[in-house]
Amino acid sequence: MTQLSGETAAAPPPFDARQTETVIFTQDLVKRYGSTVALAGLTLTVGRGEVFGFLGPNGAGKTTAVKLLVGLTAPTSGSGSLLGAPLGDRDARRRLGYLPELFRYQPWLTGREVLRLHCELARLERGSWRGEIEAALVTVGLEGRGDDRVATYSKGMQQRLGLGVALLGQPELVLLDEPTSALDPVGRQDVRRIIAGLRERGVTVFLNSHLLGEVERVCDRVAILDRGRVVASQPVSELVAARSVRIQVHGLGPTERASLARYGRMAEDGEWLAFADVDPERVPDIVAAIVAAGGRVAAVLPGRESLEERFFELLAEGRA
Amino acid sequence: MSGAPLAARARRDRLGDEVAGIATIARLSLLEALRRRLLWALIGLTVLLVVVTAWAFQRLLEASPLPADETQLAVSQLLILVAFMFSFVLAMTAVFVGSPAIAGEVESGEALAILSRPIRRADVVLGHWVGFGIVVVTYAILAGLGEIGAVALTTGYLPPYPLFAAGFVALEGLVLLTLAVLLSTRLGVVTGGAIAVVLYGINWVMGVVGQAGAILGNDAIRTAGTISRIVMPTDVAWRGAMASLEPPTALLSSLGRTSVIFAVNPFYAAASPPPDQLAYAVVWIAVGLSLAIALFSRREL
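Residues numbered from 1 in each chain as written. Chains lettered and ligands numbered in written order. Predicted model: local features only at pLDDT ≥ 70, side-chain atom pairs only at ≥ 80, totals over all residues. Heavy atoms only, no water.

Student: I'd like a description of the overall build of chain A, backed by residues and values.
Tutor: Counting secondary structure elements, chain A contains eleven helices and 14 strands. Dimensions of chain A, computed from the C-alpha atoms along their principal axes, are close to 75 × 45 × 40 Å. The 320 residues of chain A split such that 50% are buried. Restricting the contact set of chain A to residue pairs at least 6 apart, pairs at least 24 apart contribute 67%. (Helix = DSSP H or I, 4+ residues; strand = E, 2+ residues; numbered from the N terminus. Buried < 20%, exposed > 50% of the residue type's maximum accessible area, 1.4 Å probe, protein only. Contact = heavy atoms within 4.5 Å.)

Spelled out as structure tokens, the structure:
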């Protein structure tokens, strides 16, 4: 059904040895609108089964990037592939679920009819429509409201319906552009649950968001976008990993203590030595150095940054 | 060996896909017309109009002091006036349904959801055109024949080509629908709709003026009319409708009327448009749709 293009073969090795297949790949994707640069060279790889967070302040180019991936707009330059086919390939869209950022479905249709329309547009087997529609309504919490006109839906319900539409037909890749922007805390929790469910089924999820806490909780890996450029792309665990450490030390003289400052910005607090801006890989070296100098280590407490703190640091570094 | 049949089958599947895409959007457009109560409002008002005009025609005949031939001429003129109103309503309907076809979907973001599916933009444009085209043609035929039938029953005047009259009005509606859809691929709903209505008005006026120029032998005015016909063939179709509703020329001659008297009468067509003008109208629609597809396909969403 799907034609694999030559471009897929030319894709670079996947980001992670555990990942065997690249689902999204872009190389120097640039999008300009007149003199405005919306995206200034996006190079990105997302592997199958990954939950990938795309973070950035408003206007960073996140939505433009998603539209380029879906093929709703053409890149000014650069190339890419989606599900093994060049960007914009029509057949690849059969295996794609997409929730746009700003949308309003036909107000004169019922929720069920919107879902049915998308079953038809996605060319799903007719026999599967009923089951798909019911499952989608239940998953997004709209059971009981499926026969109401979309015109009577609240913004949050419209967003739930949009999610349901994106989940139809068991897509291999789901692109969600700010899926929780209109949702209350309960709705946000539902979205996290839905994404967790997708992860369990091995579905790749590309989540556009400016809600850092949300991304931190559900994503395996994030890219941070600012002013059309990726300023960081790492697993969430690494991004928020210890950049600081506190070590409780006995039996070291002031000179030996002072010599440890070579490992990072150090502050003394009684028995505790606090290191800031330390590469986590070097923590064992610090401990070894303390022991070598005749000290005893009573405790090592790795610090943990929130993604929010890290996000602002990275933005500042990128803009410096 | 099996390569050729397989390729043919793949082509057929592709074709099936495309027809399916057009059919999906056409059905959606029809459903929209029904759900928005547009069709019902039109049908209700049309039935009312047919009843009221039938009553008026009957009263008019009862009180007519004119001889039969003159009365027939008067009835045909009034019928054309009523037909003009129907064609005007249809033209506005075509603009009102056509203008939001693409622009409305882009503005609401529906287009993003629809076009993320395996459907071509061409299918979306053609689907809307087919769906709303069915509404336009059905209305033209039902309303046109309904009115002509009512007049025939009450006055006994049956125009020479009633089916052609309805067909020409439908053609006029399709031309305007094409224009509205074309404009909606790049302009907002209100802007595109307003431009279509203004162009329609200018085209009608230029048709009247152009005919006057032709009958009175004024070349400059006649040329202006020709240019207007080329820019947009709505008036060509309308003139066809009028010609189909007029009594035979023999009647006019027997009453001693010559075309000069009707030179500037907006409700008189000197002749049915020649086949080349009608063929041009069809080509105009095809080119308009192709342009709409090309413009929408290049549009950034």
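Student: Let's hear about the overall build of chain B: which residues, and what values?
Tutor: Each helix and strand in chain B was counted, giving eleven helices and zero strands. Mapped from its N terminus to its C terminus, chain B presents α and β elements in the order α-α-α-α-α-α-α-α-α-α-α. Each principal axis of the C-alpha atoms in chain B carries an extent, and together these give about 75 × 45 × 45 Å. Among the 301 residues that make up chain B, the fraction classed as buried is 47%. In chain B, once contacts between residues fewer than 6 apart in sequence are set aside, the share between residues at least 24 apart is 85%. Only carbon and sulfur atoms are counted for the fraction: they give 72% of the accessible area of chain B, which is about 13600 Å². Each charge class in chain B can be summarised by its mean position, and for the 19 positive and 18 negative side chains these summaries are 9 Å apart. (Areas by Shrake-Rupley, 256 points an atom, 1.4 Å probe, with all protein chains shown as cover. Lys, Arg positive; Asp, Glu negative; His and termini not counted. Charge placed at Lys NZ, Arg CZ, Asp CG, Glu CD.)

Student: I'd like a description of the environment of Ala56 of chain B, backed by residues and values.
Tutor: With respect to the secondary-structure elements, Ala56 of chain B resides in helix α2 (residues 38-63). Note: C-alpha distance between Ala56 of chain B and Val151 of chain B (95 residues apart in sequence) is 9.7 Å.

Student: With reference to specific residues and values, describe the side chain of Glu132 of chain A.
Tutor: Residue and element names in this part refer to chain A. With respect to the secondary-structure elements, Glu132 resides in helix α4 (residues 129-139). Despite its burial, Glu132 remains without a salt bridge, the nearest opposite charge being carried by Arg201 at 7.6 Å. Contacts of Glu132, omitting those with residues within four sequence positions, involve Cys119, Leu124, Leu167, Leu168, Gly169 and Gln170. (Salt bridge = Lys/Arg side-chain N within 4 Å of Asp/Glu carboxyl O.)

Student: Would you mind going over the packing of aromatic side chains in detail, with residue names and values included?
Tutor: Counting across every chain of the model gives eleven aromatic pairs over all chains. Connected via pairs of aromatic rings, a cluster forms that spans Phe84, Trp204, Trp238 and Phe267 of chain B. Sitting over the face of the ring of Tyr33 of chain A, Lys31 of chain A holds its NZ or CZ atom 5.2 Å from the ring centroid. (Phe/Tyr/Trp six-rings, centres within 6.5 Å; stacked < 30°, edge-to-face > 60°. Lys NZ or Arg CZ within 6 Å of the ring centre and 35° of its normal.)

Student: Any chance you could break down the nonpolar core for me, citing the residues and the numbers?
Tutor: One recurring pattern in soluble globular proteins: nonpolar side chains tend to sit buried together. Grouped together as the largest cluster of nonpolar side chains are 150 residues, with contacts concentrated most on Ile24, Phe54, Leu175, Leu176 and Phe206 of chain A. Tallying contributions element by element places helix α3 (residues 68-108) of chain B first for this core, with 15 residues. Setting aside its immediate chain neighbours within four residues, Leu176 of chain A contacts Leu99, Leu163, Ala166, Ile195, Val205, Phe206, Leu207 and Asn208 of chain A. Grouped together as the second largest cluster of nonpolar side chains are 13 residues, Leu252, Val278, Ile286 and Ala289 of chain A included. (Core = buried A, V, L, I, M, F, W, Y, C linked by side-chain atoms within 4.5 Å.)

Student: Mind laying out the sheet that holds strand β11 (residues 245-250) of chain A, listing which residues take part and the relevant values?
Tutor: Residue and element names in this part refer to chain A. Sheet architecture is open: four strands sit in the order β12-β13-β11-β14, paired in antiparallel fashion. Every other strand in the sheet has two partners, leaving β12 (265-269) and β14 (296-302) as the edge strands with one partner each. Sheet twist, expressed as the average angle between the axes of neighbouring strands with direction ignored, equals 20 degrees. Pairing between β11 and strand β13 (residues 272-276): four bridges, direction antiparallel. Bridge pairing in β13 places Arg246 opposite Ala274. The strands that helix α10 (residues 283-292) touches are β11, β13 and β14; relative to β14, the one it contacts most, it runs at about 165 degrees. (Pairing = 2+ DSSP bridges. Axes fitted to C-alpha atoms, helices over the stretch in contact; angles between N-to-C directions.)

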